[in-house]
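Next come the chains, spelled out residue by residue.
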Amino acid sequence: MIKKWLSTILMILICYLLQTTLFFHLKLAGVFPNLLIIVTVSTGYIRGQRDGLFTGLLCGLLSDMIFGSVIGLHALIYMLVGYLFGYANVLYWRNDFSVPLILTGVADIVYNFMFYVFEFLLRGKMNFLIYLKTIIVPEAVYTMLVAVLLYKVIWYSNKLALPSDSEEEI
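Predicted, not measured: the structure shown is a model, and the values here were computed from it.

K.L.:
Give me the lowdown on the overall build of the chain, citing residues and values where you can.
P.N.:
Counting its secondary structure elements, the chain contains seven helices and zero strands. Counting helices and strands in the order they occur from the N terminus, the chain gives α-α-α-α-α-α-α. A compact globule built from 170 residues would reach a C-alpha radius of gyration of about 15 Å, and the chain, at 15 Å, matches this within 12%. With respect to the principal axes defined by its C-alpha atoms, the chain has extents near 50 × 30 × 25 Å. Classification of the 170 residues of the chain by burial places 48% in the buried group. Intrachain contacts of the chain at a sequence separation of at least 6 include 72% that bridge at least 24 residues.

K.L.:
Which residues make up the packing of aromatic side chains, and what are the values?
P.N.:
Tallied over the full model, the rule gives 15 aromatic pairs. Taking the centre distance of 5.7 Å and the plane angle of 85 degrees together, the rings of F97 and W155 count as edge-to-face. With F97 in the loop between α5 (73–86) and α6 (98–119) and W155 in helix α7 (residues 128–161), this pair connects stretches of sequence that are 58 residues apart. With a relative accessible area of 25%, F97 lands in the partly exposed category. Three or more aromatic residues joined by ring pairs make a cluster, and in this case those are Y78, Y111, F113, F115, Y116, F120, F128 and Y131. Over the aromatic face of W5 sits the side chain of R47, whose NZ or CZ is 5.8 Å from the ring centroid.

K.L.:
Go over the nonpolar core with me, naming the residues and quoting the values.
P.N.:
Most often, soluble globular proteins have nonpolar side chains that are buried together. Core analysis: the largest hydrophobic core is formed by 40 residues, its most contacted members being I37, I38, Y45 and V81. Elements with a contribution of two residues or more to this core: α1 (2–20), α3 (35–47), α4 (49–67), α5, α6 and α7. Among the elements that make up this core, the one with the highest residue count is α7 (nine residues). Once you skip the residues sitting within four places of it in the chain, I37 turns out to touch Y78, V81, A107, D108, Y111 and T143.

K.L.:
Describe the pattern of salt bridges, naming the residues involved and giving the relevant values.
P.N.:
Tallying each qualifying case throughout the model produces two salt bridges. Where D51 meets K4, a salt bridge forms, and the shortest distance between an N and an O atom there is 3.2 Å. Note that D51 is positioned in helix α4 and K4 in helix α1, a separation of 47 residues in sequence. Here R123 and E119 are joined by a salt bridge, their closest N and O atoms 3.5 Å apart. You can call R123 exposed: its relative accessible area is 52%. Take E119: its relative accessible area is 9%, and that puts it in the buried class.

K.L.:
Lay out α4 in plain terms, naming residues and giving numbers.
P.N.:
Here α4 spans 25 Å end to end across 19 residues, near enough to the 27 Å set by a 1.5 Å rise per residue. Listed in full, the buried residues belonging to α4 are D51, G52, T55, G56, C59, G60, L62, S63 and D64. Close packing links the buried residues of α4 with α1, α3, α5 and α6.

K.L.:
Could you give an account of the side chain of S42, naming the residues involved and the relevant values?
P.N.:
Turning to its location among the elements, S42 is positioned in helix α3. Under the relative-accessibility criterion, S42 is labelled buried at 1%.

K.L.:
Describe a nonpolar patch on the surface, listing the residues and the values that go with them.
P.N.:
Side chains of L76, L80, Y83, L84, Y87, F118 and L122 sit close together on the surface and give an oily, nonpolar patch of about 670 Å² of accessible area. Top contributing element to the nonpolar patch by residue count: α5, with four residues. When you line up the elements, Y87 lands in the loop between α5 and α6.

About the thresholds
Residues numbered from 1 in each chain as written. Predicted model: local features only at pLDDT ≥ 70, side-chain atom pairs only at ≥ 80, totals over all residues. Heavy atoms only, no water. Helix = DSSP H or I, 4+ residues; strand = E, 2+ residues; numbered from the N terminus. Rg over C-alpha atoms; globule rule 2.2 N^0.38 Å. Buried < 20%, exposed > 50% of the residue type's maximum accessible area, 1.4 Å probe, protein only. Contact = heavy atoms within 4.5 Å. Phe/Tyr/Trp six-rings, centres within 6.5 Å; stacked < 30°, edge-to-face > 60°. Lys NZ or Arg CZ within 6 Å of the ring centre and 35° of its normal. Core = buried A, V, L, I, M, F, W, Y, C linked by side-chain atoms within 4.5 Å. Salt bridge = Lys/Arg side-chain N within 4 Å of Asp/Glu carboxyl O. Expected span 1.5 Å × (residues − 1). Patch = residues over 30% accessible without salt bridge, like charges linked within 9 Å, V, L, I, M, F, W, Y side chains within 5 Å. Areas by Shrake-Rupley, 256 points an atom, 1.4 Å probe, with all protein chains shown as cover.

As structure tokens, this is what we get:
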């Protein structure tokens with residue numbers, strides 16, 4: 001149990017550092033990939049709703065520290081994403097890497113839509129099509145491309161951190 005959460009926290013910190021340093025300078029189409037959404041969705045997919053929720057909380061609080069104008073907005077959205085996509089745990093196949101990639105793309109779109117609603121729409125800024133074209137779609141594509149590599153690392157770290165005979169823990 002402790003080994004599982006230590007590996008998760010280490011993965012969150014590594015992805016957070018990569019997202020705020022390296023990938024911040026590797027922008028494509030003006031956006032950078034959301035590595036924390038990859039960690040949140042992957043954890044929810046591999047371990048279930050509860051772990052996806054807690055991972056989303058940690059990722060959201062870290063994201064709030066750097067990117068947030070209001071503390072708790074990213075945490076709320078990441079928690080919802082982690083919990084909702086944790087339902088996909090019933091679809092979990094150990095060697096299938098296509099389902100989490102699709103889930104990551106959908107989760108990034110859901111995350112950005114919820115962010116748009118809370119951050120812009122409630123303030124009366126209604127340029128959704130511009131936000132969709134310049135932020136949501138390019139970020140979802142870029143995040144899915146990075147998820148191809150990152151999901152395998154997360155899957156392997158979960159495999160090492162969890163005992164192989166206890167499938168309910170995974």
